[in-house]
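In case you want the letters, here they are:
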Protein chains: 2
Amino acid sequence: MRITRATEYAVRCILFLAVNGKGEVVGRKEIAKYMEIPGQFLGKIAQQLAKAGLIEIVQGAKGGYRLLVSPEKISLLNAVEAISGEIFLNDCIMRPASCRRSATCSVHCLWERARTQLRNTLGEVNFAKLMEGESCFGPLEGSSRQGR
Amino acid sequence: MRITRATEYAVRCILFLAVNGKGEVVGRKEIAKYMEIPGQFLGKIAQQLAKAGLIEIVQGAKGGYRLLVSPEKISLLNAVEAISGEIFLNDCIMRPASCRRSATCSVHCLWERARTQLRNTLGEVNFAKLMEGESCFGPLEGSSRQGR
DNA sequence: ATAAATAAGATTTTTTTTATCCTATATTGG
DNA sequence: CCAATATAGGATAAAAAAAATCTTATTTAT
């Protein structure tokens, strides 16, 4: 029930690239150093981000990574799911066939509901906002208020 | 980013106890059989549920588990957190000291926001509702709010 | 060509999760 | 009281997932 470190690293990486400007190539080592990400591990993560179309990997000397998509068009959800795959809170939702209960069991509807909500929340915030540090100030609407 | 099997088992266990009536003692093996939970593993899970005050463990012949709290007073969140501890989506929220960024980093505000929302969602549904199978019918309003 | 980078596959290490084994203890019924 | 039935609880094992690293290959700037 936790966001993996790989995902956290991916978010940091995108954020760093965003801060450095969309088209700019930034070296892997530089990103790793400033964002405190194990260098080789970042390499693996970058591969996934590239596969998802979020960044481009530039090889060779002076190589590195380049953000392909504007920060405002990348949601936190995009980043998370680029690394961990689509969010599912439990197995039964993903593989209904593997659980005889799913058709009748109301619990699974709940998991699914929670899942949808979580994905919506993460989908609402983009990296432009994150860069501005404004993410904390928006109201959290809905019945079970907890503002902030 | 997934609900563990232990948590799923705990939910099934509570649900089974709830269906059998609040005060009733139900044998561990019976629960395990009907809810398809490895018997010994259920024993471990029951210990945690007992520690959380949700059930009572009855030893000896004719022993088993007894629901101590009315189904309508047990939320899904109670069940989840009885097993996995309080939900945190990432480490930095839980141990801010371990992450130098947390004070300034807007990303963490987002994780926290998502976390609060998830906890609210799970907190809004109790086992009485789950028993009735009504959980699927509540509207999930708008993309950002989700009242109810 | 050489140096500087990253790629990509394989592998290792660590952590978490899941499950089981074994001995102890409690309870029921005869 | 005794035997049978159940769960408790600590220890341990097995499996899976996550995190990290090693190695060799490839690409690019100068």
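Description of the structure in this document.

### A short note on the environment of A:Val69
Residues and elements named next belong to chain A.
Here is step 1: Among the structural elements, Val69 can be located in the loop between β3 (64–67) and α4 (76–84).
Here is step 2: With 46 residues separating them in the primary sequence, Val69 and Gly23 have C-alpha atoms 8.9 Å apart.
Here is step 3: The contacts of Val69, once residues within four sequence positions are left out, are Lys22, Gly53, Leu54 and Ile74.

### Quick word on the nonpolar core
Here is step 1: Ranked by size, the top nonpolar core spans 84 residues in total, and within it A:Leu49 and B:Leu49 carry the most contacts.
Here is step 2: Contact partners of B:Leu49, with chain neighbours within four places excluded, come to B:Ala10, B:Cys13, B:Ile14, B:Leu54, B:Ile55, B:Ala82 and B:Ile83.

### Section: the sheet that holds strand β2 (residues 55–58) of chain A
Residue and element names in this part refer to chain A.
Here is step 1: Strand order in the open sheet formed by three strands is β1-β3-β2, and the pairing between neighbours is antiparallel. Every other strand in the sheet has two partners, leaving β1 (25–26) and β2 as the edge strands with one partner each.
Here is step 2: Sheet analysis places β1 next to β3, joined by two bridges and oriented antiparallel. Residue Val26 lies in a different strand from β3, and its bridge partner there is Tyr65.

### Thoughts on the protein's contact with DNA strand D
Here is step 1: Taken together, 24 residues lie near DNA strand D, and A:Arg5, A:Gly60, B:Arg28, B:Lys44 and B:Ile57 sit nearest.
Here is step 2: Here, DNA strand D places atoms within 4 Å of the protein, and 62% of those atoms are sugar or phosphate.
Here is step 3: Between DNA strand D and B:Arg28 there is a distance of 2.4 Å, counted from a phosphate oxygen to a backbone nitrogen or oxygen.
Here is step 4: A distance of 3.4 Å separates a base oxygen of DNA strand D from a polar side-chain atom of B:Gln59.
Here is step 5: Within the residue set of the surface near DNA strand D, elements represented by two or more residues are α1 (5–19) and α3 (39–51) of chain A together with α2 (28–35), α3 (39–51), β2 (55–58) and β3 (64–67) of chain B.
Here is step 6: Of the residues contributing to the surface near DNA strand D, the split by class is nine nonpolar, ten polar and five charged.

### Points about helix α1 (residues 5–19) of chain B
All names here are of chain B.
Here is step 1: Taking 1.5 Å per residue as the helical rise, α1 with its 15 residues ought to reach 21 Å, and the 21 Å between its terminal C-alpha atoms agrees with that figure.
Here is step 2: Burial within α1 is extensive, with 13 of its 15 residues counted as buried.
Here is step 3: Two residues or fewer past α1, Gly21 is found with a positive phi of approximately 100 degrees.

### A look at the protein's contact with DNA strand C
Here is step 1: The local shell around DNA strand C holds 26 residues, among which A:Arg28, A:Lys44, A:Ile57, B:Arg5 and B:Phe41 are the closest.
Here is step 2: Within 4 Å of the protein, the contacting atoms of DNA strand C are 63% sugar and phosphate, with bases supplying the remainder.
Here is step 3: Between A:Lys44 and DNA strand C, the recorded distance is 2.9 Å, taken from a side-chain N or O atom to a base nitrogen.
Here is step 4: The separation between a phosphate oxygen of DNA strand C and a polar main-chain atom of B:Arg5 is 2.8 Å.
Here is step 5: Breaking the surface near DNA strand C down by element, the ones donating at least two residues are α2 (28–35), α3, β2 and β3 of chain A together with α1 and α3 of chain B.
Here is step 6: By residue class, the composition of the surface near DNA strand C is nine nonpolar, eleven polar and six charged.

Thresholds applied
Residues numbered from 1 in each chain as written. Chains lettered and ligands numbered in written order. Predicted model: local features only at pLDDT ≥ 70, side-chain atom pairs only at ≥ 80, totals over all residues. Heavy atoms only, no water. Helix = DSSP H or I, 4+ residues; strand = E, 2+ residues; numbered from the N terminus. Contact = heavy atoms within 4.5 Å. Core = buried A, V, L, I, M, F, W, Y, C linked by side-chain atoms within 4.5 Å. Buried < 20%, exposed > 50% of the residue type's maximum accessible area, 1.4 Å probe, protein only. Pairing = 2+ DSSP bridges. Near = heavy atom within 4 Å. Polar contact = N/O pair within 3.5 Å; in protein donor to acceptor, adjacent residues only side chain to side chain. Nonpolar A, V, L, I, M, F, W, Y, C, P; charged D, E, K, R; others polar. Expected span 1.5 Å × (residues − 1).

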